[in-house]
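# Chain and residue survey
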Amino acid sequence: MTDDVLAGHLQELRRGTVVTAALATLHRPTYGYALLETLAQAGFAVDGNTLYPLLRRLEKQGLLTSEWNTEDSRPRKFYRVSADGEALLQVLLHEWQSLQRSIEKLR
Amino acid sequence: MQTRTNPAASAGKATLTERYVRAATRRLPEDQRVDIGEELRASIGDRVDTMRVERPDLTDEQAEYAALEELGDPDQMAAGYTGNRLQLIGPEIYPAYMRVLKAVLFTAVPAATLVVAIVDALTGASFGEVVGGAAWMAFNVALHIAFWVTVTFAIVERGSATEDMQESLGTEWTPDRLPDLPHGSRGSLSELVAGLVWLGFLGAAVIWQQFRSPIQEAGERFPLLDPHLWSFWLPLILVLLVAEMAFEVVKYRLGRWSVKLATANTVLGAIFAVPLVYLAADDRLLNPAAVAQIQDGWAAFDPGVAHTVVLVSALGIWAWDSIDGWRKALAE
């Protein structure tokens, strides 16, 4: 297996987990760029032009709430997970574990 | 949410960031534009700050440039916000698009080209004019078909097509659309025999008219075709007939049509048709002495009409045979 193939499959697997990772991170209010860096450090490489629109979409779906913080030198929009978002995260994590168990059974 | 004015923008000098934010947000709904713009501005600023720490050798402008380069095409960013898909024809309807495009191209282009060629030939255009007109027609028809079919499917892609329209375009695949399997491993024997008999008959006729022409006067026979053509053209036609016969055998042995075979069929047919069309268009096929003999008994006989009949037949047979080949090849 070449490095390219490995990297491709890993990226494919992680792509579907960005929403879960973002919801998990946003239990404390965070702004877009900081979330991008946190996710990157945790191994969820996601581009800004994917993440920033994604945050808006999740907010529109009622999974996140947002608030402008104008106290810092640079005004930033902070997102945090809503009650619905927290519920979704629980469902996603549950699904994640059941997938893991299913795959173990298949082996 | 309060509206803030950006210092750079108000100073009248549009920075790269300002230009980027405007490019990414100008197509967004009015109520989101400012808010998303502000957020983007902050995100870009944060990225520039980080980059200045990571790479102290960069100037502010260079860091800004690099940050925007990293962020990528603003149109893509905008599409992320609006949810628009950045594709003319997506993978779901692409197979139907290709099916329709091919089917229309392979039926309409030869038909339109043939009609134009026949009309041109009948109205006395020269050989060059006929070929030129046909080629121009083929090009234009193909261009129009490609354009309009693409536009139609692009509309379907954008979700504004009715269900009837989608059904008639075949965007919903069903097993009924599966092509038939080729019948047997060999081609049709009757087709092979018919092809060989027809080609043999043509070859025999060319030789027969030279030695056993029915047009005679005082014991002298007048060949129907100009005997001067034996210096080159008639032997060439006989050689091509043999080549066509060999091709019939190849078709039978391959048993199934392919794009390659259909291409060879079209090309070989053209090579055979071209000398006939060329000679007929130049009024050089018939033997002038035989024409004079015929006109002795039938004053209205016009060699020009006879040549036109040969020309149209040659083109018609070639076109029909080519289309038939392509139809079979594409049905495989």
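Before going into details, it helps to say that this report is about the structure given with it. Nothing here was measured: the structure is a model prediction, and the numbers come from that model.

## A few points about the overall build of chain B
Counting its regular elements, chain B contains 13 helices and two strands. Out of the 332 residues in chain B, the part that is buried amounts to 36%. Restricting the contact set of chain B to residue pairs at least 6 apart, pairs at least 24 apart contribute 66%.

## Re the pattern of salt bridges
Residues and elements named next belong to chain B. Taken as a whole and assessed by the stated rule, the structure comprises 20 salt bridges over all chains. The salt bridge partner of Glu 157 is Arg 85, with a shortest N-O separation of 3.5 Å. With Glu 157 in helix 7 (residues 127–157) and Arg 85 in the loop between helix 5 (74–82) and helix 6 (94–122), this pair connects stretches of sequence that are 72 residues apart.

## Structural notes on the environment of Gly325(B)
Residues and elements named next belong to chain B. Mapped onto the secondary structure, Gly 325 falls in helix 13 (residues 303–331). Residues Gly 325 and Leu 261, spaced 64 residues apart in sequence, show a C-alpha to C-alpha distance of 7.9 Å. Those residues in contact with Gly 325, other than ones at most four positions away along the chain, are Trp 257, Ala 262 and Asn 265.

## Topic: a nonpolar patch on the surface
Taken together, the side chains of Met1(A), Val5(A), Leu6(A) and Leu10(A) define a hydrophobic patch exposed on the protein surface, amounting to about 390 Å² of accessible area. Exposure remark for Val5(A): the relative accessible area of 39% places this residue in the partly exposed category.

## Remarks on the sheet that holds strand 1 (residues 30–31) of chain A
All names here are of chain A. An order of 1-3-2 is seen for the three strands of this open sheet, with the pairing classed as antiparallel. Whereas interior strands pair on both sides, the edge strands pair on one side only; in this sheet they are strand 1 and strand 2 (64–69). Relative to strand 3 (residues 76–81), strand 2 is paired through six bridges, and the arrangement is antiparallel. Across the sheet, residue Thr 65 finds its bridge partner in strand 3, namely Arg 80.

## Observations regarding empty space enclosed by the protein
With the rule as written, the count across this model stands at one cavity of 30 Å³ or more. For the largest cavity, the calculated volume is near 40 Å³. For the largest cavity, the full set of lining residues is Tyr31(A), Gly32(A), Tyr33(A), Arg76(A), Lys77(A), Glu39(B), Ala42(B), Ser43(B) and Asp46(B). The greatest single-element share of the lining of the largest cavity, amounting to four residues, is contributed by helix 3 (residues 30–54) of chain B.

## Brief notes about the layout of surface pockets
Residues and elements named next belong to chain B. In this structure, the largest pocket encloses a volume near 1200 Å³. Around the largest pocket sit 43 residues that line it, and Trp 198, Leu 202, Phe 272, Leu 276 and Ile 317 are the ones nearest its centre. Breaking the lining of the largest pocket down by element, the ones donating at least two residues are helix 9 (189–211), helix 10 (233–254), helix 11 (259–281), helix 12 (288–297) and helix 13. In terms of residues, the lining of the largest pocket owes the most to one element, helix 13, which gives 13 residues. For the lining of the largest pocket, the residue count by class is 29 nonpolar, seven polar and seven charged.

## Points about the side chain of Thr17(A)
All names here are of chain A. Within the secondary structure layout, Thr 17 lies in the loop between helix 1 (3–15) and helix 2 (18–25). Judged by relative accessible area, Thr 17 falls into the buried class, the value being 11%. With residues near it in sequence (within four places) discarded, Thr 17 still touches Phe 44 and Trp 96.

## Brief notes about the interface of chain B and chain A
Across the boundary between the two partners, chain B contributes 22 residues, which contact 17 residues of chain A. Summed over both partners, the interface of chain B with chain A comes to about 1700 Å²; 52% of that surface belongs to carbon and sulfur atoms. Across the pair Lys77(A) and Asp35(B) runs a salt bridge whose closest N-O atoms are separated by 2.6 Å. Summed over the shared surface of chain B and chain A, the result is 13 residue pairs in polar contact (both at pLDDT 80 or more). Top element by residues in the side of chain B that touches chain A is helix 3 of chain B. It accounts for 13 residues. When its residues are assigned to classes, the side of chain B that touches chain A shows seven nonpolar, eight polar and seven charged.

Criteria and cut-off values
- What you see as residue numbers is a count from 1 along each chain, following the sequence as written.
- Lettering for chains starts from A, numbering for ligands starts from 1, and both go in the order in which the items are written.
- Two thresholds apply to this predicted model, a pLDDT of at least 70 for residue-level local features and 80 or more for giving and counting side-chain atom pairs, whereas whole-chain, interface and lining totals are computed over all residues.
- Heavy atoms throughout the structure, all of them, feed into the side-chain values; hydrogens and water do not.
- Numbering of helices and strands runs from the N terminus, with a helix taken as a DSSP run of H or I at least four residues long and a strand as a DSSP run of E at least two residues long.
- Categorising residues by exposure relies on relative accessible area from a 1.4 Å probe, with only protein chains included: less than 20% of the type maximum marks a residue as buried, more than 50% marks it as exposed, and the intermediate range marks it as partly exposed.
- Here a residue-residue contact requires only that any non-hydrogen atoms of the pair lie within 4.5 Å.
- Basic side-chain nitrogens of Lys or Arg form a salt bridge, by our definition, when they fall within 4 Å of a carboxyl oxygen of Asp or Glu.
- The residues that make up patches have over 30% relative accessible area and no salt bridge, and they are joined within 9 Å when like-charged or within 5 Å when they are Val, Leu, Ile, Met, Phe, Trp or Tyr.
- Only the protein chains shown count as cover for residues, and all accessible areas are computed by the Shrake-Rupley method using a 1.4 Å probe.
- Pairing between strands is defined by DSSP: at least two bridges between them are needed.
- Residues are called lining when one of their atoms sits within 4 Å of a cavity or pocket point, these points coming from a 1 Å grid over the protein atoms alone, where a cavity is a set in which a 1.4 Å probe fits but cannot get out and a pocket is an open set with protein on both sides within 12 Å along at least five of seven lines.
- Grid points are joined across faces, edges and corners, and a volume is the space filled by probe spheres set on the points.
- Residues are grouped as follows: Ala, Val, Leu, Ile, Met, Phe, Trp, Tyr, Cys and Pro are nonpolar; Asp, Glu, Lys and Arg are charged; every other residue, Gly included, is polar.
- Buried surface area refers to the total accessible area, computed with a probe of radius 1.4 Å, that the two partners give up upon joining, counted for both partners together.
- Here a polar contact is recorded for every N or O atom pair within 3.5 Å, except that within protein the pair must consist of a potential hydrogen donor and a potential acceptor, and residues adjacent in sequence are included only if both atoms are side-chain atoms.

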